[in-house]
4 protein chains.
Amino acid sequence: MTIMGNSFGNIFRLTSFGESHGPAIGGVIDGLPAGEAIDLDELQRFVDRRRPGQSSLTTSRREADRVEILSGIYEGRTLGTPVGFMVRNEGQQPADYGQLVHSYRPSHADFTYDAKYGLRDPRGGGRASARETLARVVAGGLAMQLLRRMGVAVTAFTSQVGPLQLDVDYHDLDLSTVDNNPVRCPDAEMAKRMADAIENARAQGDTLGGCVTCVVSGVPAGWGQPVFGKLHAQLGSAMLGINAAKSFEIGLGKVFASRRGSEVLDHFVMKNGRMGTVTNHSGGIQGGISNGEDIYFHVGFKPVATLMREIDSLDDSGNPVTLLPRGRHDPCVVPRAVPIVEAMAAIVLLDNYLLNKTTHL
Amino acid sequence: MTIMGNSFGNIFRLTSFGESHGPAIGGVIDGLPAGEAIDLDELQRFVDRRRPGQSSLTTSRREADRVEILSGIYEGRTLGTPVGFMVRNEGQQPADYGQLVHSYRPSHADFTYDAKYGLRDPRGGGRASARETLARVVAGGLAMQLLRRMGVAVTAFTSQVGPLQLDVDYHDLDLSTVDNNPVRCPDAEMAKRMADAIENARAQGDTLGGCVTCVVSGVPAGWGQPVFGKLHAQLGSAMLGINAAKSFEIGLGKVFASRRGSEVLDHFVMKNGRMGTVTNHSGGIQGGISNGEDIYFHVGFKPVATLMREIDSLDDSGNPVTLLPRGRHDPCVVPRAVPIVEAMAAIVLLDNYLLNKTTHL
Amino acid sequence: MTIMGNSFGNIFRLTSFGESHGPAIGGVIDGLPAGEAIDLDELQRFVDRRRPGQSSLTTSRREADRVEILSGIYEGRTLGTPVGFMVRNEGQQPADYGQLVHSYRPSHADFTYDAKYGLRDPRGGGRASARETLARVVAGGLAMQLLRRMGVAVTAFTSQVGPLQLDVDYHDLDLSTVDNNPVRCPDAEMAKRMADAIENARAQGDTLGGCVTCVVSGVPAGWGQPVFGKLHAQLGSAMLGINAAKSFEIGLGKVFASRRGSEVLDHFVMKNGRMGTVTNHSGGIQGGISNGEDIYFHVGFKPVATLMREIDSLDDSGNPVTLLPRGRHDPCVVPRAVPIVEAMAAIVLLDNYLLNKTTHL
Amino acid sequence: MTIMGNSFGNIFRLTSFGESHGPAIGGVIDGLPAGEAIDLDELQRFVDRRRPGQSSLTTSRREADRVEILSGIYEGRTLGTPVGFMVRNEGQQPADYGQLVHSYRPSHADFTYDAKYGLRDPRGGGRASARETLARVVAGGLAMQLLRRMGVAVTAFTSQVGPLQLDVDYHDLDLSTVDNNPVRCPDAEMAKRMADAIENARAQGDTLGGCVTCVVSGVPAGWGQPVFGKLHAQLGSAMLGINAAKSFEIGLGKVFASRRGSEVLDHFVMKNGRMGTVTNHSGGIQGGISNGEDIYFHVGFKPVATLMREIDSLDDSGNPVTLLPRGRHDPCVVPRAVPIVEAMAAIVLLDNYLLNKTTHL
């Protein structure tokens, strides 16, 4: 992040703007390499993956969320100049949010934004709304088109919903099937169980947490920076900046803590003439720099704080209030977080590819 | 991080330099507020906490690691100008590292640094050595002196060593006792068991992973940035940049993923006239901004990759080599990581305090 | 500037986007302090000052250039979140630019953009068009509203057009009359002569260079940064980034070079209880930091390179071409540069005010 | 500059530290490309060029100013990691500065540093001393070694001392003779006159301003950034950050303001198969991006404010004081500014070469 928190990336950098129910959400993408063909239809399809209202599992708010490119792309190719873009906010139902003007929802950002800024846009969470992630999938979608040209593929999927954990090595999953079900879990049976659990939570006006796993293949050895700029530190920063994300693990992640060194060394082996490793406990990164193996990591999300129940809380004078269930909210954000995780990973990777070009004269 | 990975922080910023066995480790600290009294003896004591050789549990490399301040402090007070500092590297035993000039240790950064830079300083891990964290504890130690003046306390402790997990709410621990034992676990009995486990691993030439928990009290509501600059994203980035760190969790962390929303809402309650919360599952941060409750998080570390055993590996031509146990290495880095975690947390917090001063005219 | 050149400022930061004849020009303003009332009509009037077509002295391209605020302002007050904004490009006459698709205009950026990016938007200069400065006057206009609340006034005026130089101490001018004539010179008689010179150049299909002087009053002692961040270095960077700007002078500027030290010392004197100086040769800045006197500086502009004549040039294959006079262009940009100079100065000053808040704990 | 003013550059970045009479002056150079051979003796010779005491024209303070490299260079080659370096401050004569503890020298930074920071190191100007530029010539000297490998040469020279202006096109000068005389003017006769003028000023306890011109050859078309990052805006920022610099002009500079467009167009012409220009009024940059012609610019310096006379001033309580001539000071800084100008130019150019590598995938 940089300074005020609304920019991300070094060479390839997204600066985002927008409140949930203001005129528009958008951003500026700087550092997009020049002369690259961009498929705007494909970009729109990628953006659509985070759109609500795609199934009964997600919120019923229906928005076109049509991305309008305002600059930087000319006759289908990138100019090397910044790409301004925006998505008009439509379908606002401000009446839904009237009760929030002076009240604080528990485990939401209403109070902390007031504490920091002294005021806030109470409509739909304002700047703290997950709708802001629209800007990220636009930037990430562009990054993914370029990464694919270099043979880099970024695929995320739902690996946990509430207590249901997908306990399968990702090599044994067919990652091309992620979008075959609304849960975005590439194990059809587990996907069915997860969907049932989400429906069950919804029926009770409750919500569920979960986990997204992301696998990046095709990154050669040498990407990433030393010390504070370790590639997994950058990925961690990117993921923990996503709304509701609460944990980040690279490779074996937290499992490492309970292991002995002799159990988790990734021994070297020659693979088709390149230096590879037999196992990949480290998740494709050593010393902060990619080693040529798959990069994989896990992002844990808390359950959405907006329950479809009456909630006791306080208003901004400290008086008790009862918040009524209003608005349209996902009982589990994890399926919609999948493209956001991919997008943020793609931003980090393209940025590090570009940074790495400056390592030598 | 910024650009090349060797700087951290926005307003309060550390730029670090140094290879493990080069002339010196050091850095420049910019943005240290002017006119503040600094206790250099206290700073040295803080730095000494990460020094190896403090007990049989840590490496026997003995270094004075005397911090020399080169600028920015005059007659005991900060000038507002950058603080240059360095620690001479002494006690190098380069002969220890001769076998590493052309060989790659598994799960170390030897290969990835070569892949990125085309060359490396093979002595003691060069820039990838944990000795670099010296620069961080100097900056963090200064930050802690200033934070304390604002009533902010940062305390970390060992909460896991291998399979031994301290399963106690931190409120039930006496955090003033962290340094009473070499493991830095504020539960004397668990500390004893952890120490035994580390000795046991050492006796077998093996190593152990573990976990550090950090508690920050006294941060008022309103620190942190929105979107990409969420306070826990900054903390996550800071922690994941520490050598061997592999996971980061804020508040309940990964536990959130398996929970229902109704189980983990932090309901508001008035506390001495301020807006507080009954529980603190979120770890003191909502929407990326502090809410006035304690901030706490967990950092998981992999077991050190340097075993005191013969290790089969490859050289930089891809030929098999056997690496002999050499050098002095901790069987478990977690106790020494405690002050490093505190230091990085302090850097993030002081930086965000300063950033927050610019929120209003 | 930062990295890719499209952002300016540290805490208060403008990131701009847009090509002259693309869908829109716009930007994101981050770091605008929260809770401030904004007068959007006043902002529009400020933006209108750089609009072409205001008199016969400027280009006849007529554009509404209506600024649309997309975020960050709610119920008339700043939220502390980024202000996205845009101005639709209208009135494009792409046919005017057909001859430029494969030809390079002398002393324009056509060739250098091609050399850098490998392609360019040939319509109206693309990203290199002065139309991009629209984004700057929006950000600068917002900054000026806030600066005024602190008693800081920023006023620029035309001090030279071609060989006609206004050789009057600015204290002897009535700076409130700057906009009384289309040349924006606060000396009515000189303004008349300048206007005649511009008309004369236009009649000959020629153009004129000139100079803008800017005076900033009300800045207290202490703004600015040391070393590389000297306040006049920041102002110089800001001004030299304006299209066609070729020189920058602070205070006496270039005149200093020919003087003796004994002639130009600014001796101290008490002024109403504050430390002031008798003279102000230095332009209100010593050692890069404001000293409480007026800040004033001069920006020199080259004559516009687009003549209303046939021009011999080369195409992108190196073959001779004759460019015909097309499009609508100012014979002298200096009058329209006046608000742009003010805007960039205001951005620098507000940013430094905010930076300075972090000097002490 | 970045944030606190003590860093410069984007990819190739110098962070400097140090007070004139503190323990050391030094810095960290990040982004130096990996694997490059460095000639440390040549670096020392380059640094020595800014050293005082080289002739009767400069101050008699004699310092070894031996640069000690602390990291980042191993066995004569760059590691790609940050280069920490320092120069011990020796020869301090603190007694010289006793009278300045509570007094403000006119046209110095004593008062403004106090106003900003609330305290200062009064010895020798502290952080505001030109001795800080030592860090810049170290970074610039390294940059020049790399630039030369790419065929880029940076040469500055004294073009004005007081009223004596070298009015010769630089093509008619032998730039290899710059260091043949202590004034660093490559016109032997003018150099003699300038030296006399400086001696004359010294004899009267006075000082002289002047100008440095810098010529950069070998930069291909395409370096530099758009909008705020124009190459001449970066150069201007770099030069105006040098102590005592008060004006910056690119190419014809201020002369442009008085000219007609038809007089100063740089028409295209093919030169050995590349697109060149007949004239080079613009100084090798169009639209902020290099066009392949020589880059040249002029930096004006004020006369040093420290006269060898009694000076009436005020103390920090506003009471009159008489400052006695003390210390060792140049009567004209311009000759010693020559290598500093070269160094800052080299930093900007290497940084932009590296930035430009990221323009394409």
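Residues numbered from 1 in each chain as written. Chains lettered and ligands numbered in written order. Predicted model: local features only at pLDDT ≥ 70, side-chain atom pairs only at ≥ 80, totals over all residues. Heavy atoms only, no water.

Residue and element names in this part refer to chain C. What the five strands build is an open sheet, ordered 1-2-3-7-4; its pairing is antiparallel. For this open sheet the edge positions go to strand 1 (7–8) and strand 4 (68–69), each flanked by a neighbour on one side alone. When strand 3 (residues 24–30) meets strand 7 (residues 83–88), the two strands line up antiparallel, connected through six bridges. Bridging across to strand 7, Ile29 finds its partner in Val83. The sheet contacts of helix 3 (residues 133–149) involve strand 2 (13–17), strand 3 and strand 7, and relative to strand 3 the element is tilted by about 35°. (Pairing = 2+ DSSP bridges. Helix = DSSP H or I, 4+ residues; strand = E, 2+ residues; numbered from the N terminus. Contact = heavy atoms within 4.5 Å. Axes fitted to C-alpha atoms, helices over the stretch in contact; angles between N-to-C directions.)

Moving on, we come to unusual backbone geometry. Glycine aside, a negative phi is what most residues show, and trans is what most peptide bonds show. The phi dihedral of B:Ala244 is positive, around 75°, even though this residue is not glycine. The residue B:Ala244 is located in the loop between helix 5 (231–240) and strand 12 (245–250) in this model. With a phi angle near 60°, D:Ser107 is a residue other than glycine that sits in the positive phi range. In this structure, D:Ser107 sits in the loop between strand 8 (103–104) and helix 2 (110–117).

With 360 residues, the main nonpolar core has A:Met239, A:Phe297, B:Met239, B:Phe297, C:Phe297, D:Met239 and D:Phe297 as its most contacted residues. In contact with D:Met239, not counting residues within four places along its chain, are D:Ala245, D:Phe248, D:Phe297, D:Val299, D:Val341, D:Met344 and D:Ala345. (Core = buried A, V, L, I, M, F, W, Y, C linked by side-chain atoms within 4.5 Å. Buried < 20%, exposed > 50% of the residue type's maximum accessible area, 1.4 Å probe, protein only.)

It is worth spelling out the relation of the copies chain D and chain B at this point. Between chain D and chain B, the superposition needs a rotation of 180° and an axial shift of 0.0 Å, giving an RMSD of 0.0 Å. Within this description, the copies of the chain are treated as partners about a two-fold rotation axis. Of the interface residues in chain D, 100% have counterparts in chain B that sit at the interface too, so the contact is made through matching surfaces. (Least-squares fit on C-alpha atoms with pLDDT ≥ 70 in both.)

Taken together, the contact between chain D and chain B spans 41 residues of the former and 41 residues of the latter. Interface area, chain D with chain B, both sides summed: about 3,300 Å², of which 65% is carbon and sulfur. In terms of surface lost to chain B, no three residues of chain D exceed D:Leu70, D:Tyr74 and D:Leu119, which account for 17% of the buried area on that side. For the pair chain D and chain B, the number of links is two salt bridges. (Buried area = accessible area lost by both parts, 1.4 Å probe. Salt bridge = Lys/Arg side-chain N within 4 Å of Asp/Glu carboxyl O.)

Attention now moves to the interface of chain A and chain B. Many descriptions give the size of an interface as the accessible area lost when the pieces come together. Between chain A and chain B, the contact holds 107 residues from the first and 107 residues from the second. For the pair chain A and chain B, the summed buried area comes to about 8,400 Å², and 62% of that belongs to carbon and sulfur atoms. The tally of links from chain A across to chain B stands at four salt bridges. Here A:Glu249 ties to B:Lys254 by a salt bridge, and the two come within 2.9 Å at their closest N and O atoms. In this structure, strand 12 (residues 245–250) of chain A lies alongside strand 12 of chain B, joined through three bridges in antiparallel fashion. Within strand 12 of chain B, the position partnered with A:Glu249 by the bridge is B:Ser247.

Moving on: the sheet that holds strand 12 of chain A. The ten strands lie next to each other as 10(A)-9(A)-11(A)-17(A)-12(A)-12(B)-17(B)-11(B)-9(B)-10(B), forming an open sheet whose pairing is antiparallel. Only two strands of the sheet have a single neighbouring strand rather than two, namely strand 10 (164–165) of chain A together with strand 10 (164–165) of chain B. When strand 11 (residues 210–217) of chain B meets strand 17 (residues 295–301) of chain B, the two strands line up antiparallel, connected through seven bridges. What sits directly across from B:Gly210, in strand 17 of chain B, is B:Phe301. Here helix 7 (residues 334–356) of chain A sits on the sheet in contact with strand 9 (153–161), strand 11 (210–217) and strand 17 (295–301) of chain A, set at roughly 145° to strand 9 of chain A.

Another aspect to go through is the packing of aromatic side chains. One pass over the structure, following the stated rule, counts 32 aromatic pairs over all chains. Taken together, a centroid distance of 5.7 Å and an interplanar angle of 75° make the contact between C:Phe111 and D:Phe268 edge-to-face. Here D:Phe268 lies in strand 13 (residues 268–271) and C:Phe111 lies in helix 2 (residues 110–117), a pairing that spans two chains. Neither residue differs from the other here; C:Phe111 and D:Phe268 are each classed as buried. Seen from their ring centres, D:Tyr104 and D:Phe111 are 5.4 Å apart, and the 65° between their planes marks the pair as edge-to-face. The two residues D:Tyr104 and D:Phe111 agree in class, both being buried. Three or more aromatic residues joined by ring pairs form one cluster here, namely A:Tyr104, A:Phe111 and B:Phe268. Directly above the aromatic system of D:Tyr117 lies the positively charged group of D:Lys116, at a separation of 5.8 Å from the ring centroid. (Phe/Tyr/Trp six-rings, centres within 6.5 Å; stacked < 30°, edge-to-face > 60°. Lys NZ or Arg CZ within 6 Å of the ring centre and 35° of its normal.)

Turning to the pairing of strand 13 (residues 268–271) of chain C, a few remarks are in order. Residue and element names in this part refer to chain C. Of the strand pairs in this sheet, strand 13 and strand 14 (residues 274–277) are connected by four bridges, and their pairing is antiparallel. When the sheet's bridge partners are listed, Lys271 is paired in strand 14 with Arg274. Hairpin connection from strand 13 to strand 14: two residues lie between these consecutive antiparallel strands, with Asn272 at a positive phi of about 50°.

Residues and elements named next belong to chain A. One way to put it is that helix 5 (residues 231–240) packs onto helix 7 with a least axis distance of 9 Å and a crossing angle of 145°. Judged by the sense of rotation from one axis to the other, the crossing of helix 5 with helix 7 is right-handed. Within the contact between the two elements, helix 5 uses Leu231, Gln234, Leu235, Ala238 and Met239 and helix 7 uses Val341, Met344, Ala345, Val348 and Asn352. (Left-handed = near helix turned anticlockwise from the far one by under 90°.)

On to the pattern of salt bridges. Scanning the entire structure with this criterion turns up 88 salt bridges over all chains. Where A:Arg123 meets A:Asp121, a salt bridge forms, and the shortest distance between an N and an O atom there is 2.9 Å. Exposure remark for A:Asp121: the relative accessible area of 6% places this residue in the buried category. Salt-bridge contacts for B:Lys271 lead to B:Glu293; the nearest nitrogen and oxygen are separated by 2.6 Å. You can see B:Lys271 sitting in strand 13 (residues 268–271) and its partner B:Glu293 sitting in the loop between strand 16 (289–290) and strand 17, a full 22 residues away along the chain. Judged by relative accessible area, which is 27%, B:Lys271 ranks as partly exposed. With a relative accessible area of 8%, B:Glu293 lands in the buried category.

All names here are of chain C. Relative to the helices and strands, Cys214 is located in strand 11 (residues 210–217). Note on Cys214: relative accessible area 0%, which makes it buried. Put simply, Cys214 and Ile250 are 36 residues apart on the chain and 9.8 Å apart in space, counted from C-alpha to C-alpha. Among residues more than four places away in sequence, those in contact with Cys214 are Val154, Thr155, Ala156, Ile295, Tyr296, Phe297, Val341 and Ala345.

Function cannot be read off these values alone, since they describe shape.
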